[in-house]
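Residues per chain are reported as follows:
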Amino acid sequence: MRFFIDTANMAEIREAMEMGILDGVTTNPSLMAKEGIKNVEEHYIAICKAIGSGDVSAEVIATDYAGMIQEGRALAHLHPHITVKVPMIKEGIKAIRTFTEEGIRTNCTLIFSPAQALLAAKAGATYVSPFLGRLDDVGHNGMQLIGSIRQIFNVYGIKTQILAASIRHTLHLIQCAEMGADVATMPFKVIEGLFKHPLTDKGLEQFLADYQKNNSL
Ligand code: E4P
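Here is a short report on the structure shown in this document.

Rules and cut-offs
Per chain, residues are indexed from 1 in the order of the written sequence. The predicted nature of this model means local features are confined to residues of pLDDT at least 70 and side-chain atom pairs, given and counted, to a pLDDT of 80 or more, with totals for whole chains, interfaces and linings taken over all residues. Calculation of side-chain values draws on the structure's entire complement of heavy atoms; hydrogens and water are dropped beforehand. Pairs of strands are assigned from DSSP output, requiring at least two bridges between the strands. Strands here are runs of E lasting at least two residues and helices are runs of H or I lasting at least four, both read from the DSSP assignment and numbered beginning at the N terminus. Between N-to-C directions, angles span 0 to 180 degrees; the directions come from axes that are lines fitted to C-alpha atoms, helices contributing only their stretch in contact. Here, residues are in contact when the closest pair of their heavy atoms is within 4.5 Å. Classification of residues uses two cut-offs on accessible area relative to the type maximum, computed with a 1.4 Å probe and protein chains only: under 20% is buried, over 50% is exposed, and between them is partly exposed. The arc in question is the one traced by the directions running from the helix axis out to the C-beta atoms. Note on angle classes: values under 35 degrees are labelled roughly parallel, values over 145 roughly antiparallel, values of 65 to 115 roughly perpendicular, and the remainder oblique. Handedness of a helix crossing follows the sense of rotation of the near helix relative to the far helix, less than a right angle counterclockwise being left-handed and clockwise being right-handed. Basically, the charged four are Asp, Glu, Lys and Arg, the nonpolar ten are Ala, Val, Leu, Ile, Met, Phe, Trp, Tyr, Cys and Pro, and anything else, Gly included, counts as polar.

1. Describing the sheet that holds strand 8 (residues 183-186)
One closed barrel accounts for 8 strands, arranged 1-2-3-4-5-6-7-8; its pairing is parallel. Pairs of neighbouring strands in the sheet enclose a mean axial angle of 30°, with direction left out of account. Sheet strands in contact with helix 4 (residues 65-78) are strand 3 (55-59) and strand 4 (82-87), and its direction is about 160° off that of strand 4. Lying on the sheet, helix 6 (residues 114-122) is in contact with strand 5 (106-111) and strand 6 (127-130); it crosses strand 5 at an angle near 165°.

Shown next as structure tokens:
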């Protein structure tokens, strides 16, 4: 399972990289706005350079076919690591088909149903991004969506990768791994949370105390 970080914050991206477990980055217009990024193209290039290898999702703003194509081509041209992120709308699916034919990698975002995932896969999307946390927020079961997409993709041998998104905590990540999501994208604080267990801290403290005791005699 590959780990992506879901942020536009360079310090978080660098710190996650230094952990040695990062495979890519996802961003969206809200994450860019949170960091106050105005020149998004420059920022995408900086992220691509910082991570060295792995996909970096860059989202189109246009919602019409021609606009998405123009924007997506320009984004893909910025750096070989760029994956063009396209919303799950009719025009978006048409754009994904064109990008696929042009060899441009895509991430179909805002997926909330198995039917939407299947449509994106049929158009040739590299990734589909089901937003499980946002489904949980409105009383639906986000994890069931991951399982259903996995089942459908397995039945037909579909190569589109499931990029589990809107992950809010460690249990989400573990269940996504159990369901067979290919990638999980997480905020920095979720990645940090994966390391933590009170028994690890307690155990290490004891080992170090025993070492000191044994070596100070
Ligand atoms: C993924 O590509 C999205 O940027 C992200 O996971 C959305 O997460 P949120 O629901 O926490 O905003």
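2. Things to note about helix 6
Within helix 6 the residues assigned to the buried category are Ala117, Ala120 and Ala121. For helix 6, the arc enclosing every buried residue in end-on projection is 100°, short of the 170-degree limit, so these residues lie on one face. Elements that come into contact with the buried residues of helix 6 comprise helix 5 (90-101), strand 5, strand 6 and helix 8 (142-156). Immediately downstream of helix 6, the backbone of Gly124 shows phi near 100°, a positive value.

3. Things to note about the packing of helix 1 (residues 10-18) against helix 3 (residues 40-51)
Relative to each other, helix 1 and helix 3 sit at 15°, their axes nearing to 10 Å. Between helix 1 and helix 3, the crossing angle belongs to the class labelled roughly parallel. Like other packed secondary-structure pairs, helix 1 and helix 3 cross with a definite hand, here right-handed. Across from Met10, Ile13 and Met17 in helix 1, the residues of helix 3 making contact are His43, Ala46, Ile47, Ala50 and Ile51. Tallied by class, the residues present in the contact of helix 1 with helix 3 amount to 7 nonpolar, 1 polar and no charged.

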